[in-house]
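Topology and contacts: notes
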Amino acid sequence: MARRALITGITGQDGSYLAEYLLGQGYEVWGLARGQANPRVSRLRKLLTDVQVVRGDLLDQGSLISAVERVQPDEVYNLGAISFVPMSWEQAELTAEVTGMGVLRMLEAIRVCSGVSRGSAASGQIRFYQASSSEMFGQVSETPQTERTAFHPRSPYGVAKAYGHFLTQNYRESYGMYAVSGILFNHESPRRGAEFVTRKVSLGVARIKLGLDSELRLGNLEARRDWGYAGDYVRAMHLMLQAGTPEDYVIGTGRMKSVRELVEAAFAAASLDWEQYVVTDQALHRPAEVDLLCADPKKARVQLGWEPTMPFDELVATMVEADLRLLSNGGDPGQDSSWP
């Protein structure tokens with residue numbers, strides 16, 4: 001019988017790549033969605049026809065218990081979150097409820113449906129993956145960041161992710177659950193939401209190249225991040241749940257690039273001079289900036305055999321090319337039309 005996976009946040013970038021990957025591995029894949037009439041769900045099901053959908057909401061404990069009981073998953077991947085960091089200041093309470101408390105509700109649903117009590121550690125139990133984030137490190141105490149680096153989050157999103165991360169550890173230690181967190185650094189693709197800086201840049205370059213715009217407004221060009229390809233990172237998620245012992249892992253490339261370098265690479269991919277078009281805007285800076293994030297993925301490399309495959313410049317060029325195709329064909333970036 002095929003293994004069965006339940007994915008929250010399946011309509012997002014990571015959820016779609018993970019669903020594709022697991023289907024390729026022979027899994028039966030279910031996605032959690034708040035409503036069957038959700039247009040994002042309809043688009044997903046057209047692209048991934050074998051994905052099944054179950055109704056549920058990270059804000060509603062009862063619905064999660066019902067979803068887990070119906071699907072009877074072998075693995076649960078909790079990718080659902082309010083994930084756009086700037087929005088977390090505007091909707092801090094909702095971010096806490098979905099990104100933070102949603103982890104608690106899903107862990108409880110798994111615990112209740114599995115009949116797990118403290119110290120029971122039943123064999124054959126549901127394995128749980130929590131999408132933790134490099135934003136938990138925030139104002140970093142050391143570079144690069146490892147699984148042991150202290151957290152100092154600098155946004156409501158980072159704080160909520162830290163809460164979910166520690167809860168996952170706590171349920172593992174208190175109940176013997178197979179529960180792990182992947183501390184993923186920035187990972188991008190043509191499926192990235194248009195509000196994220198990488199996609200904002202690739203779309204901006206495409207619009208300028210096609211004569212649809214004359215400038216690109218950005219905030220802090222000196223912020224530095226460890227950027228990789230989302231399709232690589234979902235493989236790491238799966239590998240974490242196949243390991244003999246549940247442990248947390250940092251996932252990244254180990255190389256930093258500034259937003260300025262991102263911009264240079266994107267405009268170069270379209271044969272444009274970025275300095276002619278980019279305008280810095282103080283209003284786009286974060287209230288509390290995270291200046292640099294860089295992963296030390298050694299543990300994942302040694303214990304899981306995981307390695308990233310797509311270099312930074314190739315990733316950026318791929319995103320620009322995808323957005324040039326999208327806009328040339330009259331596509332709408334807000335409708336996930338860039339998905340293959």
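Remember, it's a predicted structure, so these values are computed and weren't measured experimentally. (Residues numbered from 1 in each chain as written. Predicted model: local features only at pLDDT ≥ 70, side-chain atom pairs only at ≥ 80, totals over all residues. Heavy atoms only, no water.)

1. So, the overall build of the chain
- Secondary structure assignment for the chain yields eleven helices and 13 strands.
- For the chain, the C-alpha radius of gyration of 20 Å lies close to 20 Å, the compact-globule estimate for 340 residues.
- Projecting the C-alpha coordinates of the chain onto the three principal axes gives extents of approximately 65 × 45 × 40 Å.
- A fraction of 77% describes how many contacts in the chain between residues 6 or more apart in sequence connect residues 24 or more apart.
- In the structure as shown, the chain presents an accessible area of about 14400 Å², 46% of it carried by carbon and sulfur atoms.
- Averaged over its 35 positive side-chain charges, the chain has a centre that lies 4 Å from the centre of its 41 negative ones. (Helix = DSSP H or I, 4+ residues; strand = E, 2+ residues; numbered from the N terminus. Rg over C-alpha atoms; globule rule 2.2 N^0.38 Å. Contact = heavy atoms within 4.5 Å. Areas by Shrake-Rupley, 256 points an atom, 1.4 Å probe, with all protein chains shown as cover. Lys, Arg positive; Asp, Glu negative; His and termini not counted. Charge placed at Lys NZ, Arg CZ, Asp CG, Glu CD.)

2. Some details on the sheet that holds strand β2 (residues 28–33)
- What the seven strands build is an open sheet, ordered β3-β2-β1-β4-β5-β6-β11; its pairing is parallel. With one partner strand each, in any of the chains shown, β3 (52–55) and β11 (249–251) form the two edges of the open sheet. Pairs of neighbouring strands in the sheet enclose a mean axial angle of 25 degrees, with direction left out of account.
- With respect to the sheet, helix α5 (residues 92–114) is in contact with β1 (4–8), β4 (75–78), β5 (127–133) and β6 (179–184), its orientation differing from that of β5 by roughly 170 degrees.
- Across the face of the sheet, helix α8 (residues 230–242) comes into contact with β4, β5, β6 and β11 while running at roughly 140 degrees to β4. (Pairing = 2+ DSSP bridges. Axes fitted to C-alpha atoms, helices over the stretch in contact; angles between N-to-C directions.)

3. Remarks on the nonpolar core
- If you look at the biggest cluster of nonpolar residues, it comprises 36 residues, and the most contacted ones within it are Ile-7, Tyr-77, Tyr-129, Met-240 and Ile-251.
- Those elements giving two or more residues to this core turn out to be β1, α1 (13–24), β5, β6, α8, β11, α10 (298–304) and α11 (312–328).
- If you tally residues by element for this core, the top one is α8, at seven residues.
- If we ignore the near neighbours within four places in the chain, the residues touching Ile-251 are Ile-183, Leu-184, Phe-185, Tyr-233, Ala-236, Met-240, Ala-295, Ala-300 and Trp-306. (Core = buried A, V, L, I, M, F, W, Y, C linked by side-chain atoms within 4.5 Å. Buried < 20%, exposed > 50% of the residue type's maximum accessible area, 1.4 Å probe, protein only.)

4. A few points about the pairing of β4
- Neither face of β4 is open: one carries Glu-75 and Tyr-77, the other Val-76 and Asn-78, and all of them are buried.
- Where β1 and β4 come together, four bridges link them in parallel fashion. Each residue of the ladder has a partner; that of Leu-6, found in β4, is Val-76.

5. Topic: the pattern of salt bridges
- Per the counting criterion, the structure on display carries 14 salt bridges.
- One salt bridge connects Glu-28 with Arg-4, and the closest N-O pair in it is separated by 3.1 Å. Taken together, the residues Glu-28 in strand β2 and Arg-4 in strand β1 connect sequence positions 24 residues apart.
- For Glu-28, a relative accessible area of 23% puts it in the partly exposed group.
- The partner of Arg-301 in a salt bridge is Glu-307, with the nearest N and O atoms 4.0 Å apart.
- Residue class for Glu-307 comes out partly exposed when judged on its relative accessible area of 40%. (Salt bridge = Lys/Arg side-chain N within 4 Å of Asp/Glu carboxyl O.)

6. Let's talk about a negative patch on the surface
- A grouping of Glu-261, Glu-264, Asp-273 and Glu-275 is seen on the molecular surface, where their side chains present a negatively charged patch.
- Within the secondary structure, Glu-261 sits in helix α9 (residues 259–269).
- A relative accessible area of 31% means that Glu-261 is categorised as partly exposed. (Patch = residues over 30% accessible without salt bridge, like charges linked within 9 Å, V, L, I, M, F, W, Y side chains within 5 Å.)

7. What to know about empty space enclosed by the protein
- One pass over the full model with this rule turns up one cavity of 30 Å³ or more.
- Of the pockets and cavities examined, the largest cavity occupies roughly 60 Å³.
- Lining of the largest cavity is provided by Glu-188, Thr-198, Val-201, Ser-202, Trp-227, Leu-262, Ala-266, Phe-312, Leu-315, Val-316, Met-319 and Val-320.
- When contributions to the lining of the largest cavity are tallied by element, the ones reaching two or more residues are α7 (197–209), α9 and α11.
- Top element by residues in the lining of the largest cavity is α11. It accounts for five residues. (1 Å grid on protein atoms, 1.4 Å probe; cavity = no way out; pocket = protein on both sides within 12 Å on 5 of 7 lines; lining within 4 Å. Points joined across faces, edges and corners; volume = space filled by probe spheres on them.)

8. Describing the environment of Ala-317
- Tracing the backbone shows Ala-317 in helix α11.
- The class for Ala-317 is buried, based on a relative accessible area of 18%.

9. Notes on the packing of aromatic side chains
- Taken as a whole and assessed by the stated rule, the structure comprises nine aromatic pairs.
- Consider the rings of Phe-137 and Phe-185, whose centres lie 5.9 Å apart with planes at 35 degrees: the pair is tilted. Highlighted residues: Phe-137 in the loop between β5 and α6 (156–175) and Phe-185 in the loop between β6 and β7 (187–188), separated in sequence by 48 residues. In this pair, the class of Phe-137 matches that of Phe-185, namely buried.
- Ring pairing ties together the aromatic residues Phe-137, Phe-151, Phe-166 and Phe-185, which thus form one cluster.
- The ring of Tyr-17 has Arg-191 sitting right over it, with the charged end atom 4.0 Å from the ring centre.
- The ring of Phe-196 carries Arg-192 above its face, with NZ or CZ at 3.9 Å from the centroid. (Phe/Tyr/Trp six-rings, centres within 6.5 Å; stacked < 30°, edge-to-face > 60°. Lys NZ or Arg CZ within 6 Å of the ring centre and 35° of its normal.)

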